[in-house]
Every structure is written in structure tokens, then in C-alpha cells.
Amino acid sequence: MGIEIERKFLVVSDAWRAAAHAVVPMAQGYLNDAASIASGAQNASVRVRIEGDVAFLNIKSREPGTTRQEFELPLPVDDAQALLKLCVGGLVEKRRHLVRFGAHLWEVDEFLGDNAGLVVAEIELDDADEAFDRPDWLGVEVTAHQRYFNLALAARPFSRWDAAERG
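Residues numbered from 1 in each chain as written. Predicted model: local features only at pLDDT ≥ 70, side-chain atom pairs only at ≥ 80, totals over all residues. Heavy atoms only, no water.

Undergrad: What am I meant to see in the overall build of the chain here?
TA: Counting its secondary structure elements, the chain contains four helices and nine strands. Counting from the amino terminus, helix and strand elements in the chain follow one another as β-β-α-β-β-β-α-β-β-β-β-α-α. A globule of 167 residues ought to have a C-alpha radius of gyration of about 15 Å, and the chain, at 15 Å, matches this closely. Dimensions of the chain, computed from the C-alpha atoms along their principal axes, are close to 40 × 35 × 30 Å. With 167 residues in all, the chain has 44% of them scored as buried. By element, 53% of the accessible surface of the chain is carried by carbon and sulfur atoms, the whole surface being about 8600 Å². (Helix = DSSP H or I, 4+ residues; strand = E, 2+ residues; numbered from the N terminus. Rg over C-alpha atoms; globule rule 2.2 N^0.38 Å. Buried < 20%, exposed > 50% of the residue type's maximum accessible area, 1.4 Å probe, protein only. Areas by Shrake-Rupley, 256 points an atom, 1.4 Å probe, with all protein chains shown as cover.)

Undergrad: Please clarify how the side chain of Arg96 should be interpreted in this entry.
TA: Tracing the chain through its elements places Arg96 in strand E6 (residues 88–101). A polar side-chain atom of Arg96 sits 3.4 Å from a polar atom in the side chain of Glu107. (Polar contact = N/O pair within 3.5 Å; in protein donor to acceptor, adjacent residues only side chain to side chain.)

Undergrad: Which parts of the structure should I look at to understand the side chain of Ser36?
TA: Of note, Ser36 is situated in helix H1 (residues 34–38). You can call Ser36 buried: its relative accessible area is 13%. In contact with Ser36, other than residues within four places in its own chain, are Ala41 and Gln42. (Contact = heavy atoms within 4.5 Å.)

Undergrad: Honestly, the packing of aromatic side chains in this entry has me stumped. Any pointers?
TA: Each aromatic ring pair is specified by the distance between its two centres and by the angle formed by the two planes. Scanning all chains against the criterion turns up six aromatic pairs. Between Phe9 and Phe132, the aromatic rings sit 6.0 Å apart at their centres with planes inclined by 70°, giving edge-to-face as the arrangement. Here Phe9, found in strand E1 (residues 2–11), pairs with Phe132, found in the loop between strand E8 (119–124) and strand E9 (138–141); they are 123 residues apart in sequence, far enough to count as distant. Consider the rings of Tyr148 and Trp161, whose centres lie 5.1 Å apart with planes at 80°: the pair is edge-to-face. Of the two residues, Tyr148 is situated in the loop between E9 and helix H3 (150–155) and Trp161 in the loop between H3 and helix H4 (163–166); the sequence distance between them amounts to 13 residues. Exposure class is identical for Tyr148 and Trp161. Each is buried. Put simply, the rings of Phe9, Trp106, Phe132 and Trp137 touch in pairs and so form one group of aromatic residues. (Phe/Tyr/Trp six-rings, centres within 6.5 Å; stacked < 30°, edge-to-face > 60°.)

Encoded structure:
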């Protein structure tokens, strides 16, 4: 089992694009829904993701804060494609851009489809209190805002948010 310590931010400009050194297309779906997590009926999200030419089954605990338990198991891409057809909610499609800034690697997710227009940056840390350099293109932190979780975006995509939610 791994422990994921991750923080998520909105992106306020395209200045990161010049520093992006790789891009990975992704498609993912969930075998459970946001309502089961929110109600406490389940304590983990179960995700199927295809990243370029590889695929994974991912189980991530839902706990408050920046730290979660995470299990990631490789899958044959054909199996992942079949599992995506069994997922609840919509498919979350995005391009993940890798951007090195300071001592850290940032993952800038540019969402597509029903979530087009949403761009977030994530950073994985070794410690919840770890300091990091903050690039100018980074906006407000949304780590604790559940509507930005990919699980929530599968159920209620960005295209259905009102102006206040996008705000």
C-alpha cells in the first residue's frame, strides 16, 4: 500500500505550457459513485484509468486532508477498456502535462469532454508539511473541495457547474 500526499490548485494562466516536458492522454471512470462515498457507505473510490498505452485499477481511501491510502494495480489495456464500460457516471478525459518547477514535478491536468475548461495542477509531496516553490501560474488551492475530485467530476462535470462554483 502506498500513501499519497497530494495538493491540488486551480491554474490561472497558460504560462506552465512552455515548461511542460511531456503530455499523457488519460481516460478514467469509477466503479462506485460519489454518493456512496459522501454518505459513508463506502470509504474508498475504485477507479479504472488508461494512461497512454498502460492501464491501472486504483483504490484510494477518502479521508479528510491531503493524505490518503492508495493501491494501484496494473491492468491489461483491453481489460481496462471493458471495465470502463461498467463504470458509473461519466468518463473523465484529460491530458496530463508534466511540468518541473523548483524541486518538484507538477501534474497539470487539462480536462476534456464534459469537463473542458477546467485546468488543475497537482503536486505530490513526501510529507504533508513539505515546503514547495509556488509557480506564478498557480491559483487558489482546491485540495479540500470535493467537487474537484475526479470522482465528483465523473458524476457532475464542470460543464454543469454554475458561475459561483467555477469562481
